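Chain and residue survey
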Amino acid sequence: MFEAQAARTPEATALVASDATYDFAGLNAAANRLAHHLIAQGVGPERVVGVKLPRTADMVVAILGVLKAGGVYLPLDPELPAERLAFLLEDAEPALVLDQAALRAVPATLPTADPTDADRTAALHPDSAAYVLYTSGSTGRPKGVAVEHRSMVNLLVSHRQGFVAEAGGGPLRAALTASFSFDTSLEGLLLLADGHELHLIDEATRLDPAALVARIAEHRIDFLDLTPSYLRQLLPAGLLDHPRHRPRVLMLGGEALGPSLWRRLADAPATTAYNFYGPTECTIDALAARIGGAGRPVVGRPLGNLRAYVLDSRLQPVPVGVAGELYLAGAQVARGYRGRPGLTASRFVADPYGPAGSRMYRTGDLARWTADGELDCLGRADDQVKIRGHRIEPGEIEAALLDLPAVAEAAVVAVTDDRGHTRLAAYYVPAPGGEPPASAELRAALGRTLPGHMVPGAFVALDAMPLNSSGKLDRRALPAPRLDADRPEGTATAPRTETERELARIWTEVLGARTVGVSDNFFELGGDSILSIQIVSRARRAGLALTSRDVFLHQTIAELATAVTPRSAPGAAEEERAEAAGPAPLTPIQHWFFATHGPLRHFTMSMVLDLPHDLDEGALEAALDAVVAHHPALRTRFVQGDDGGGRQLADGATGGPLLRHHDLAGLDGAEETADRKSTRLNSSHLVISYAVF
């Protein structure tokens, strides 16, 4: 489908990333070169290829190349712990791993034509596996879900006939913000294959709400796929009320959508939002509801060629309004768990209500039908939890804890604080005769084997696990975790500077801790990526320049304060402006402008403002001078480099005064004067902005 789209619209923009921009023809050619290289290496249908690359355009090229070769795409996040990566490699047994070194070894002379079955090692069929994605496992062993090409095509067509059609048919500018280890990242690839313009959001921007909203406005992004937790961080940054641009379509999924956020989205005047539900075992999305009204949030109806059943323990349908377990069937049900036939048979069972030989997936979620024929999801029938869109089996974390010699018993639960933030808490009974290990020790040990979103934010030592009358663990009797329980009373080191005091105040509010010392670790106090975004947003409102990356690199207030100070110190702004002089390559939108319009004599955008009768002309001119001096973009000029490509420079003062006065009281010649002034703006000289009154 991607190849057909590239043939239809070869010159249309396909991919915009921080490091490169491709049209469909260029992206298809790059992926084809890689595909031919992979085929020569023996890659073909049912052969797994691991992709271990940073978040750049190469990642998209690599995924397309693997699929074109007929291979099975396996995402390998470079940030995962070494032990976790080793398990994935051992379990999935990839034929090869594509990393940056492997991509550099691809010959530039390889064919750019679309590979065919004659080129491949074997014919590629709709029921060939497209990707394997690992999810948390209740036994402590992650399980790889194998999904076929036909399932991805069905989802693509469902989206085309669903929210894309309701948005006018496209093409849309779609932002990809999800991690590539998360199946939602494949939504962007499907939209790309259907002719939409994909904007790959880099790691720093996707963790910075203000920067992401600015990027959305700058590139006029139409579509975003987000978890509700992530969306809540973007709303205060102006996502739905930005004065320049607002997204047309929001896709929410990955975790439950609360009533207040549902109502907020239902009232959004220029944005249509949808609530999607779907496990990895049913190809990302299975149910969808358009968000509207003030009722209880629902997950809607099945997508095209899918069926949903709410059944009792005997696999009999339950009446409307009665809770039962949700089963999904149809064209998007995955093949099963790679190398796990027993587990596959227990979760993918025969569908007694479908065609002969069909299967349905047992989701483990409780649901009920509403009178309107929509599905209302009620939570889990087992212990599985969702944290920030990640599906987590507490049993996998418990197994990792029990591997530690110092732990005799373990239980992990999801807890929600009074601000509605959900995180993991681990309870453990120390091994006999030993001292309870510190939270920092347990956190470090788990961090060597589990991805970051699976490391609990709190650890609670117990003398014994609470049991119910049947002798089973009574999870409801577990005590509420205290995030600063490891620290003895009165041992917190008090803030010493104004910056430290402000950061301590923000941490106390966001983390819900009673007190925060300057040596306390953000993650040991229960911090996570979503809370780091809140820290950054509140710090910026307090005048402290921070990024989420700063919080991850400097995990105590004492360290973080040193990261803030240089950027806030006198002279820092001048130093940053000096560094911004250039030359610098053109941005994707600048490339588009010059490619579309060519070497124009001038191109102007103007705004008319009413000025007060007692205007202080000197103050206005000083303000304009200060703004232009502060922002290099207002002094930027565009020149042609030695290689014929465009460059941008902000290396000098503006060409003449910014404020000019013209008396047009009689209005004669007003249009001629305005035209003459607009032609004075020249993108290759230092006159790209000024004011006339």
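Please read all numbers here as calculations on a predicted model, not as lab measurements.

**Looking at the overall build of the chain**
- Tallying secondary structure elements over the chain gives 22 helices and 30 strands in all.
- Within the span of the chain, comprising 693 residues, buried residues form 48% of the whole.
- Of the contacts formed within the chain by residues at least 6 apart in sequence, a portion of 65% connects residues at least 24 apart.

**A look at the pairing of strand S9 (residues 197-200)**
- Side chains Glu 197 and His 199 project from S9 onto one buried face, and the interleaved Leu 198 and Leu 200 project onto a second face that is buried too.
- Note that strand S1 (residues 13-16) and S9 share 2 bridges and pair parallel. What sits directly across from Leu 15, in S9, is Leu 198.
- Of the pairings in the sheet, the one linking strand S8 (residues 173-176) to S9 comprises 4 bridges and is parallel in character. Bridging from a neighbouring strand, Leu 176 pairs with Leu 200 of S9.
- Taken together, S8, helix H7 (residues 185-193) and S9 form a β-α-β motif whose crossover is right-handed.

**A closer look at the packing of helix H2 (residues 24-40) against helix H3 (residues 57-69)**
- Relative to each other, H2 and H3 sit at 55°, their axes nearing to 7 Å. Taken together, the axis directions place H2 and H3 in an arrangement best described as oblique. Note that H2 runs across H3; the crossing there is right-handed. Here Leu 27, Asn 28, Ala 30, Ala 31, Asn 32, Leu 34, Ala 35, Leu 38 and Ile 39 of H2 come into contact with H3, specifically with Val 61, Ala 62, Leu 64, Gly 65, Val 66, Lys 68 and Ala 69.
- Here the contact of H2 with H3 is composed, by residue class, of 12 nonpolar, 3 polar and 1 charged.

**Focus: the sheet that holds strand S10 (residues 223-226)**
- Sheet architecture is open: 9 strands sit in the order S2-S1-S9-S8-S10-S11-S12-S13-S14, paired in mixed fashion. Each of the sheet's edge strands pairs with one partner strand only, and the pair in question is strand S2 (21-23) and strand S14 (301-302).
- The pairing of strand S12 (residues 272-277) with strand S13 (residues 287-290) spans 4 bridges and is classified as antiparallel. From the neighbouring strand, Asn 275 faces S13, where its bridge partner is Ala 289.
- In the packing of helix H6 (residues 149-166) onto the sheet, contacts are made with S10, strand S11 (249-252), S12 and S13, and the angle to S12 comes to roughly 155°.

**A closer look at a nonpolar patch on the surface**
- A cluster of nonpolar side chains, namely Met 607, Leu 609 and Leu 611, defines an oily patch on the protein surface of about 360 Å² accessible area.
- Turning to its location among the elements, Met 607 is positioned in the loop between helix H20 (588-597) and helix H21 (617-630).

**Concerning the sheet that holds strand S25 (residues 458-461)**
- Read across the open sheet, the 3 strands follow the order S23-S24-S25; overall the sheet is mixed. Among the strands making up the open sheet, the edge pair consists of strand S23 (407-416) and S25. Here the strands of the sheet are splayed against their neighbours by 25° on average, with no regard to which way each runs.
- One ladder, built from 4 bridges, connects strand S24 (residues 422-430) with S25; its direction is parallel. Bridged to Tyr 427 within S25 is Val 460.
- Contacting S23, S24 and S25, helix H13 (residues 394-402) crosses the sheet at an angle of about 145° to S23.

**Considerations on helix H11 (residues 259-266)**
- Of all the positions in H11, only Leu 261, Trp 262 and Leu 265 are classed as buried. On an axial view of H11, the arc spanned by its buried residues comes to 105°, and they lie on one face.
- Buried positions along H11 lie against helix H10 (228-234), S11, S12 and S13.

**Section: unusual backbone geometry**
- Phi angles above zero are rare outside glycine, and Arg 220 is one such case at about 55°.
- Along the chain, Arg 220 turns up in the loop between helix H9 (209-219) and S10.
- A positive phi angle, near 65°, is found at Asn 305, a position not held by glycine.

**Overview of the pattern of salt bridges**
- Within this structure, the stated rule accounts for 26 salt bridges.
- In this structure, Asp 312 engages Arg 314 in a salt bridge whose closest nitrogen and oxygen atoms are separated by 3.5 Å.
- When its relative accessible area of 23% is taken as the criterion, Asp 312 is described as partly exposed.
- The partner of Glu 498 in a salt bridge is Arg 501, with the nearest N and O atoms 3.5 Å apart. In this pair, Glu 498 and Arg 501 both sit in helix H15 (residues 498-511), 3 residues apart, roughly one turn of the helix.

**Topic: the confidence of the model for the chain**
- When the pLDDT values of the chain are averaged, the result is 84; 84% of them are 70 or greater.
- Below a pLDDT of 50 lies the segment residues 566-579, which in the model reaches 11 contacts outside its immediate sequence neighbourhood of four places, other chains included.

**Comments concerning the packing of aromatic side chains**
- Across all of its chains, the model carries 10 aromatic pairs by this definition.
- Aromatic side chains Phe 2 and Phe 24 sit 6.0 Å apart centroid to centroid with 40° between the ring planes, which places their arrangement in the tilted category. Taken together, the residues span a long stretch of sequence, with Phe 2 in helix H1 (residues 2-8) and Phe 24 in helix H2 at a distance of 22 residues. Both residues of the pair, Phe 2 and Phe 24, count as buried.
- Each ring, one from Tyr 309 and one from Tyr 353, has its centre 5.3 Å from the other, and the planes form 55°; the classification is tilted. Of this pair, Tyr 309 sits in strand S15 (residues 306-311) while Tyr 353 sits in the loop between strand S18 (348-350) and strand S19 (359-369), and the two are 44 residues apart along the sequence.
- Connected via pairs of aromatic rings, a cluster forms that spans Phe 163, Phe 223, Tyr 274 and Phe 276.

**Some words on the nonpolar core**
- Ranked by internal contacts, the top residues of the largest apolar core, which has 81 residues, are Tyr 73, Leu 98, Tyr 131, Phe 163, Leu 192, Leu 287 and Leu 326.
- Broken down by element, the residue count for this core peaks at 10 residues, all from H3.
- Dropping the residues within four chain positions of it, Leu 287 is found in contact with Asn 275, Phe 276, Tyr 277, Val 299, Arg 301, Pro 302, Leu 303, Ala 308, Leu 326, Leu 328 and Leu 375.
- Residues Ala 175, Leu 235, Leu 240 and Trp 262 belong to the second largest nonpolar core, which totals 26 residues.

**Focus: the environment of Asp 351**
- Secondary-structure assignment places Asp 351 in the loop between S18 and S19.
- Taking the C-alpha atoms as reference points, Asp 351 and Tyr 361, 10 residues apart in sequence, are found 8.7 Å from one another.
- Among residues more than four places away in sequence, those in contact with Asp 351 are Arg 307, Tyr 309, Ala 329, Ser 358, Arg 359 and Met 360.
- Side chain to side chain, Asp 351 and Tyr 309 meet in a polar contact 3.0 Å long.
- Engagement of the side chain of Asp 351 in a polar contact is seen with the backbone nitrogen of Tyr 353, the distance being 2.9 Å.

**With respect to the environment of Ala 444**
- As for its position among the elements, Ala 444 is in helix H14 (residues 439-447).
- On the basis of relative accessibility, which here comes to 39%, the residue Ala 444 falls in the partly exposed class.
- C-alpha separation for the pair Ala 444 and Val 455, spaced 11 residues apart in sequence, amounts to 9.0 Å.

**Overview of the side chain of Asp 520**
- For Asp 520, the position within the fold is in the loop between H15 and helix H16 (529-541).
- Within polar-contact distance, the side chain of Asp 520 engages the backbone nitrogen of Gly 517 at 2.7 Å.

Conventions we followed
- Residues numbered from 1 in each chain as written.
- Predicted model: local features only at pLDDT ≥ 70, side-chain atom pairs only at ≥ 80, totals over all residues.
- Heavy atoms only, no water.
- Helix = DSSP H or I, 4+ residues; strand = E, 2+ residues; numbered from the N terminus.
- Buried < 20%, exposed > 50% of the residue type's maximum accessible area, 1.4 Å probe, protein only.
- Contact = heavy atoms within 4.5 Å.
- Pairing = 2+ DSSP bridges.
- Right-handed = clockwise from strand over helix to strand, strands pointing away.
- Axes fitted to C-alpha atoms, helices over the stretch in contact; angles between N-to-C directions.
- Parallel < 35°, antiparallel > 145°, perpendicular 65-115°, else oblique.
- Left-handed = near helix turned anticlockwise from the far one by under 90°.
- Nonpolar A, V, L, I, M, F, W, Y, C, P; charged D, E, K, R; others polar.
- Patch = residues over 30% accessible without salt bridge, like charges linked within 9 Å, V, L, I, M, F, W, Y side chains within 5 Å.
- Areas by Shrake-Rupley, 256 points an atom, 1.4 Å probe, with all protein chains shown as cover.
- Salt bridge = Lys/Arg side-chain N within 4 Å of Asp/Glu carboxyl O.
- Arc of directions from axis to C-beta.
- pLDDT = per-residue confidence, 0-100.
- Phe/Tyr/Trp six-rings, centres within 6.5 Å; stacked < 30°, edge-to-face > 60°.
- Core = buried A, V, L, I, M, F, W, Y, C linked by side-chain atoms within 4.5 Å.
- Polar contact = N/O pair within 3.5 Å; in protein donor to acceptor, adjacent residues only side chain to side chain.

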